[in-house]
Amino acid sequence: MEFNKIEILIEKYFQGETSIAEEKELRSYFSSQDVAPHLEQYKAMFGYFTQAKKQEFAQEIPQITKKRNVMWLSIAASVVVLLGVTTFFMINTNEPVNHQNELGTYDSPELAFKETQKALALLSSNVNVVIESVMYVQEYENTKNRIFKK
């Protein structure tokens, strides 16, 4: 009679209609020694469920840390260096100071054009230095990413 009840519970189990108490009864039946020979095939399955319930995950999960973006830091540093160099050259020019040139106005368009060209050349050379340093930092980032793959 008990074998019929177990067979009915197994059918309900495979249909997904058993309660927790019925599943516990199935596990206890299959963990005992007196299992019917024709139900012996289910013993390994219910034994596995009992064993799997006791397992715990023991491996540590690595924490993901926030990574600073070095590229933005290098761009900000380049801008600060550019401003510092520009300020240094503007203050320490060896040309005599004319009160007329103090305001940046010129009577002669040719002289204004030449002074503008000098200022733009100075700015361009400083920008080129900054771009080269940014390219160096970008090459560093590429090499680092090749070595330490994400």
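Provided above is the structure to which this section pertains.
Per chain, residues are indexed from 1 in the order of the written sequence. Where local features are concerned, this predicted model is filtered to residues with pLDDT of at least 70; where side-chain atom pairs are given and counted, the filter is 80 or more; whole-chain, interface and lining totals use all residues. Values reported for side chains reflect all heavy atoms of the structure, with hydrogen atoms and water molecules removed beforehand.

J.: What's the story with the overall build of the chain in this structure? I'm lost.
T.: Each helix and strand counted, the chain has five helices and zero strands in total. Counting from the N terminus, the helices are the DSSP runs of H or I reaching at least four residues and the strands are the DSSP runs of E reaching at least two. The N-to-C order of helical and strand elements in the chain reads α-α-α-α-α. In the chain, which comprises 150 residues, the share counted as buried stands at 15%. Long-range pairs, those at least 24 residues apart, make up 52% of the contacts in the chain with a sequence separation of at least 6. When accessible area is computed with a 1.4 Å probe and restricted to protein chains, residues below 20% of their type maximum are described as buried, those above 50% as exposed, and intermediate ones as partly exposed. The contact definition used throughout considers only heavy atoms, calling two residues in contact when any of these lie within 4.5 Å.

J.: Help me understand the packing of aromatic side chains, please; the structure alone is not making it clear to me.
T.: Here the distance between the centres and the angle between the planes together describe a pair of aromatic rings. In this scheme Phe, Tyr and Trp rings, the latter by its six-membered ring, pair at centre separations within 6.5 Å, and the angle between planes marks the pair as stacked below 30 degrees, edge-to-face above 60, and tilted otherwise. Tallied over the full model, the rule gives five aromatic pairs. Taken together, the ring pairs connect Tyr13, Phe14, Tyr29, Phe30 and Tyr42 into an aromatic cluster.

J.: Help me understand the pattern of salt bridges, please; the structure alone is not making it clear to me.
T.: Pairing of side chains with opposite charge becomes possible as their charged atoms draw close. We define a salt bridge as a contact between a side-chain nitrogen of Lys or Arg and a carboxyl oxygen of Asp or Glu at a distance within 4 Å. Scanning all chains against the criterion turns up four salt bridges. Here Lys12 makes a salt bridge to Glu22, at a shortest N to O gap of 3.0 Å. Taken together, the residues Lys12 in helix 1 (residues 2-15) and Glu22 in helix 2 (residues 20-31) connect sequence positions 10 residues apart. By relative accessible area, Lys12 is classed as partly exposed at 27%. For the salt bridge of Glu115 with Lys118, the shortest nitrogen-to-oxygen distance reads 3.4 Å. Here the residue Glu115 and the residue Lys118 both occupy positions in helix 5 (residues 109-147), the gap between them amounting to three residues, near one helical turn.

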